[in-house]
Amino acid sequence: MGKVTKGSASVVGDESQIYLTPERIEFLKGRTEKTRELFGGLLFALLRWMIASLLVINSGGAIAVLHSGRLEQSAVFLVGGFYLAGITFALLFGLASLYMLTRFMPNQGEIMILEPGLHDKRRLEEITEGLDAPPAYKDPLHLTGWPSFLCFLIGSVIFALSMTPLE
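Residues numbered from 1 in each chain as written. Predicted model: local features only at pLDDT ≥ 70, side-chain atom pairs only at ≥ 80, totals over all residues. Heavy atoms only, no water.

### Observations regarding helix H4 (residues 121-129)
Each α-helix turn comprises 3.6 residues. Residues three or four places apart therefore point the same way.
Then, in step 1: Buried residues of H4: Leu124, Ile127 and Thr128, and no others. Each buried residue of H4 lies within a common arc of 95° when the element is viewed along its axis, so the set occupies one face.
Then, in step 2: Packed against the buried residues of H4 are strand E2 (17-20), helix H1 (22-67), helix H3 (109-112) and strand E3 (117-120). (Buried < 20%, exposed > 50% of the residue type's maximum accessible area, 1.4 Å probe, protein only. Helix = DSSP H or I, 4+ residues; strand = E, 2+ residues; numbered from the N terminus. Arc of directions from axis to C-beta. Contact = heavy atoms within 4.5 Å.)

In structure tokens form, the structure reads like this:
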């Protein structure tokens, strides 16, 4: 085994292990918490915007159906149904997103219990970089916002085609 240096972190003997000092561990903990806060904040803001947009466009369509005197009666339930389905899918997208955020956020709890000493470099990289979290894009739940948008588009097309002409 090679020499252990008591600096902040150093490679030991073989390239697969690293020695972590208490200072380096505190640095990793701080960086991990800041990264998690930033990532989580950005993701939540983006999801709030997307969910709100899907709710607004579908709700606006539903309100337009209710207040339109020019829509053929036979199309009211069909168009309204698409907008209602769009609202439902938007809410499901919100629930699925919440689930995905908790499931796919890297599990960095191991960093919080690191002790000074030798650590496997590969495992340390996995937990500090979040490589142990499964990729969210492989889960079909991330597609749940699309049906809401498609319901809005279909409802809008049917709405437009079912309007009686102006006299």
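### Examining the pattern of salt bridges
Then, in step 1: In this structure the tally under the stated criterion is one salt bridge.
Then, in step 2: Glutamate 26 is the salt-bridge partner of lysine 29, the closest N and O atoms lying 3.7 Å from each other. Of this pair, lysine 29 and glutamate 26 both sit in helix H1, separated by three residues, roughly a single helical turn.
Then, in step 3: Lysine 29 sits in the buried class, given a relative accessible area of 16%. (Salt bridge = Lys/Arg side-chain N within 4 Å of Asp/Glu carboxyl O.)

### A look at a nonpolar patch on the surface
Then, in step 1: A cluster of nonpolar side chains, namely Leu143, Trp146, Phe149, Leu150, Leu153 and Ile154, defines an oily patch on the protein surface of about 550 Å² accessible area.
Then, in step 2: Its location among the elements puts phenylalanine 149 in helix H5 (residues 145-161). (Patch = residues over 30% accessible without salt bridge, like charges linked within 9 Å, V, L, I, M, F, W, Y side chains within 5 Å. Areas by Shrake-Rupley, 256 points an atom, 1.4 Å probe, with all protein chains shown as cover.)

### Re the packing of aromatic side chains
Then, in step 1: For the structure shown, the criterion picks out two aromatic pairs.
Then, in step 2: With a centroid separation of 6.1 Å and 40° between ring planes, the pair formed by tyrosine 83 and phenylalanine 152 is classed as tilted. In this pair, tyrosine 83 sits in helix H2 (residues 73-104) while phenylalanine 152 sits in helix H5, placing the two residues 69 residues apart along the sequence.
Then, in step 3: Centroid distance tryptophan 146 to phenylalanine 149: 6.2 Å. Interplanar angle 80°. Geometry classified as edge-to-face. Here phenylalanine 149 and tryptophan 146 lie together in helix H5, a separation of three residues that amounts to about one turn.
Then, in step 4: For tryptophan 146, a relative accessible area of 54% gives the class exposed. (Phe/Tyr/Trp six-rings, centres within 6.5 Å; stacked < 30°, edge-to-face > 60°.)

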